[in-house]
Amino acid sequence: MKLVNLSINDKEIQAEEGMPLLQVCLDNDIYVPNLCYLEGMEEPHASCRLCFVEIEGRPVASCTVKVRDALVVRTDTEQVRRLQRTALQFLLSTHHVNCKECPANKKCELQRIAKFLKVGLKPKHLEQHLKDIETDDSHPVLNYYPNRCVLCGKCIYVCRKKHGHALLTFAKRGIHTVISFYGKEDMERLPGKECLACVKICPVSAITLKA
Amino acid sequence: MREELFDAIRKEAERRRNEFTEAPVPKIHIGMATCGIASGAMETKYAFEQTLAERNIEARIHTVGCVGHCYAEPVVVIDHPESGFPPVFYHEVTAGKARMLTKLFLEEGDPRFEHVYGATVENELIPSVMEFPRFSQEKRVVMEKCGHIDPEDIYDYIADDGYSTLVKSLRMLPDEVIREVRDSGLRGRGGAGFPTGRKWELVRKSVSSKNSVSPIVICNADEGDPGAYMDRTLLESNPHQILEGMILCAYATGAHKGMVYVRAEYPLAVKLVTKAIQQAKELGLLGKGILGTDFDLDIDVFQGSGAFVCGEETALIESVEGKRGMPRYRPPYPVEKGLQGEPTVINNVKTLASVPPILKNGAAWYRGIGTKESPGTAIFSVVGDVIHPGLVEIPMGVSLRTLIFDICGGIPDKKAFKSVQIGGPSGGCLPADFLDTPIDFDSLTEAGAMMGSGGMVVMDEDTCVVDVSRYFLDFTQNESCGKCTFCRIGTRHLLSILERMTKGEGREEDPEQLELLSEDIRNGSLCGLGKTAPNPVLTSLRYFRDEYEAHVSEKRCPGRICRPLTAFYIDLEKCARGCDACVGCCPVDAIFTTSTRKKGIDQVLCVKCGECVVACPPQYDAVKRVSPPNLAPIVEKK
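What you see is a predicted model; the values in this text were computed from it and never measured.

Here is what the cut-offs are and how they apply
- Residues numbered from 1 in each chain as written.
- Chains lettered and ligands numbered in written order.
- Predicted model: local features only at pLDDT ≥ 70, side-chain atom pairs only at ≥ 80, totals over all residues.
- Helix = DSSP H or I, 4+ residues; strand = E, 2+ residues; numbered from the N terminus.
- Buried ≥ 20, exposed ≤ 12 C-beta atoms within 10 Å, placed from the backbone.
- Contact = placed C-beta atoms within 7 Å.
- Domains from an automatic or database assignment.
- Nonpolar A, V, L, I, M, F, W, Y, C, P; charged D, E, K, R; others polar.
- Pairing = 2+ DSSP bridges.
- Axes fitted to C-alpha atoms, helices over the stretch in contact; angles between N-to-C directions.
- Expected span 1.5 Å × (residues − 1).
- Parallel < 35°, antiparallel > 145°, perpendicular 65-115°, else oblique.

**Q** Can you lay out the environment of Gln513 of chain B for me, pointing to particular residues and giving the numbers?
**A** Structurally, the position occupied by Gln513 of chain B is in helix α20 (residues 510–524). On the basis of neighbour count, Gln513 of chain B is assigned to the partly exposed category, with 16 C-beta atoms found within 10 Å. For the pair Gln513 of chain B and His493 of chain B, spaced 20 residues apart in sequence, the C-alpha separation works out to 9.9 Å. Leaving out residues up to four positions away in the same chain, Gln513 of chain B has contacts with His125 of chain A together with Ile497 of chain B.

Next up, the structure:
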């Protein structure tokens, strides 16, 4: 293990060489908004586009940067914030904002990031693009809410980690992308209520146990 | 290497070629690529066969690929030495024309001058096609043999010197091959323009730095830009040149596996390239111990399911691995860690097809074509409002004006040029001020468009740039894989704004919104598809902002295309009394007869389909289009 010295927001930090920059920031109490990153991922998914930081004047997703010696990072510049706000507003424009009735209320990652970035939950300048189906109840044990989902893919990742292969997947494409179970599920094949890794990991309660 | 193996193949090819050319009968060469077939080349071929049989005329039919002259399809060249005429190039040869030519030219020796396009060689009887700019100003390197050889016959390619470069290069060391390609300055023709020699070098490096790895060569034929069909035509017209390029690449990089990734929507290309691989295998040009060396290579065909994003190299790899075609974050680049974790070279069809001519003639020769930074030729499929659309291969550095006005004949119907869209959904629209821009990687990028893979859409004055942007955003948001936030949701928002502008519901802040969101999508997206998706909007906003503003503030469409913003009316001065041409074609019965027995359009009923414009006889030209719609004069019914 080799330690390197880097600077984040003018703070001198020591970290293990090759660690994801996002992890190093979080470990040092420098919050960088993120949705799709999990500690220990072999390859970053790099899809939520929230964890931008500025390196050498350019915005980069910090989950994709491996720390090296003499790296100079800023997490709070104007262009970083602009990209983060736009990304969050995009997510909110496809999110059914109904916090009062949402089980994620007060522990929701979107609420936390919105508060951090000082973004209203209902961006006025963007049209809402909600999916037609509010609840997908095709799974025997779980319910899926497409209009809550931020498509971070964490559920697929933990499912694959736990069972060797994922029991859920991305389906459709573009704005219609959803998380899907593989059609009519055979209870025999499923861990059922035993696992619930996907429910626990979901940052916005888009997958819940059936009531 | 056992050169005698190839000598035998070459002798056989020459024997077959001589037997064909020396046969004392006329030869009919018919272009049978997808473009030709779509225009009726199958029927043409059948008509020739039938008429020849009926009239008991002996002739040879030689099916060839595409010469790139789409406007002239089906294209037929008849070589009838006995008639005393040189080989003649005929255009738009329908079945009827084929029967007529069989009778009058093949039987009676009259080439029917009114149907002749030109002779294919210099002579004193018929002007040669080489005098036309569409022929003389092109520089064919990659497409040299396209439309002249039968893509289904490997011997036809070998008789034209095919695979001889492979033999020559197998005598060189792999590093020497790479050096030659690097020195030629060849840049990737898939759009990004990355130096090909450098890519090969990187793969070779990652092979030598790791042990027991087997690199893979992939030919990327997942062509997906709307209006672009260069790769398809090459695969359908000369698949062996691409295979030869792949074999050379594999030899240089140390690969033993190759793959042609071609979309399933190209059934003829799939069929022909599969056949070509089979033939090359039979002759020992592929497989184990190629031409007696210890170099092995197998090439497979992989049919992609037609997702645009799978042209992006990491998404392409994912899809071959059986996963969802979603790009992954680079680095690691495929040259280091690609298919199944092995170093992978992914080159575009045109890049690979450029390799045999480069190695045959040398790097210095290639550098002599084109510009310093972008050597070689560029192939464009020029479509849209030009007189002679089709595939054009030009040396880099030729200006857009030369390409559009000289080579492709300019804009039809005496209309004015408005804009040219280069680079497909990732490129941009350039206005007339940029017509003198030289065509090369750097100049086009600087102007705000991009080289792209070679799609070029020319637009005349009757086009609406807002509508064109809407079209491209509709395409990209449809083709977005849905992985990253900016592309998945951002492109949908751009489309929403453009849609409401074209409907006349644009808001004052919309042009600025478009600009801000576009910049964020460009800076924030994960892969190239998302990063370049806003380009059509950004360039047209830069060069045609007034049109966007006209849509919003005046509810006017300057190109008179957006239906809610236009109206049709009939100019009573021009309308011919008693003429009914427009009445019958109107699908909603919106056209009525006035008291003066002229016609008027009921603006309430009209759906603005434009059928009446087409139906009105050109000598009257009475149907007019205006924007905003309230400019249409009110015509009383009685």
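**Q** Mind laying out the domain arrangement of chain A, listing which residues take part and the relevant values?
**A** The accessible area lost on association of the parts is a frequent measure of interface size. Residue and element names in this part refer to chain A. When its domains are assigned, chain A resolves into domain 1 (17–129) and domain 2 (142–209). Taking only C-alpha atoms into account, the centre of domain 1 sits 22 Å from that of domain 2. Listed as interface residues are 16 residues of domain 1 and, on the opposing side, 12 residues of domain 2. Classifying every residue of the side of domain 1 that touches domain 2 gives 10 nonpolar, five polar and one charged.

**Q** Would you mind going over the domain arrangement of chain B in detail, with residue names and values included?
**A** By domain assignment, chain B separates into domain 1 (20–136), domain 2 (162–366), domain 3 (377–460), domain 4 (465–554) and domain 5 (566–631). The C-alpha-based centres of domain 1 of chain B and domain 4 of chain B are spaced at 47 Å.

**Q** I'd like a description of the sheet that holds strand β3 (residues 52–55) of chain A, backed by residues and values.
**A** Residue and element names in this part refer to chain A. Pairing is mixed across the open sheet formed by five strands, whose spatial order is β2-β1-β5-β3-β4. For this open sheet the edge positions go to β2 (11–16) and β4 (58–61), each flanked by a neighbour on one side alone. In this sheet, adjacent strand axes meet at a mean angle of 40° when their direction is disregarded. Most of the contacts of helix α2 (residues 78–93) go to β3, to which it runs at about 160°, and overall it touches β3 and β4.

**Q** Which residues make up the sheet that holds strand β4 (residues 88–90) of chain B, and what values go with them?
**A** All names here are of chain B. Spatial ordering of the open sheet is given by β2-β1-β3-β4-β5, a layout of five strands whose pairing is mixed. Here the strands that pair on one side only, and so sit at the sheet edges, are β2 (60–64) and β5 (116–119). Each strand of the sheet is rotated relative to its neighbour by a mean of 25°, with strand direction disregarded. Bridge analysis of strand β3 (residues 76–79) against β4 gives three bridges, and the strand direction is antiparallel. Residue Val76 lies in a different strand from β4, and its bridge partner there is Tyr90.

**Q** Explain helix α11 (residues 239–253) of chain B to me, and be specific about the residues and the numbers.
**A** Under the 1.5 Å per step criterion, the end-to-end length of α11 of chain B is 21 Å for 15 residues, consistent within 8% with the ideal 21 Å. Within two residues after α11 of chain B, Gly254 of chain B carries a phi angle of roughly 85°, on the positive side.

**Q** Which residues make up the packing of α2 of chain A against α20 of chain B, and what are the values?
**A** Packing of α2 of chain A against α20 of chain B brings their axes to within 10 Å, and their N-to-C directions diverge by 100°. With respect to their mutual orientation, α2 of chain A and α20 of chain B come out roughly perpendicular. Along its contact with α2 of chain A, which presents Arg82, Leu83, Thr86 and Ala87 of chain A, the element α20 of chain B presents Asp520, Asn523 and Gly524 of chain B. By residue class, the composition of the contact of α2 of chain A with α20 of chain B is two nonpolar, three polar and two charged.

**Q** Describe the interface of chain A and chain B, naming the residues involved and giving the relevant values.
**A** Chain A puts 26 residues into the contact, and the matching count from chain B is 23 residues. Looking at the side of chain A that touches chain B, the element that brings in the most residues is α2 of chain A, giving seven residues. In terms of residue class, the side of chain A that touches chain B is made up of 12 nonpolar, nine polar and five charged.

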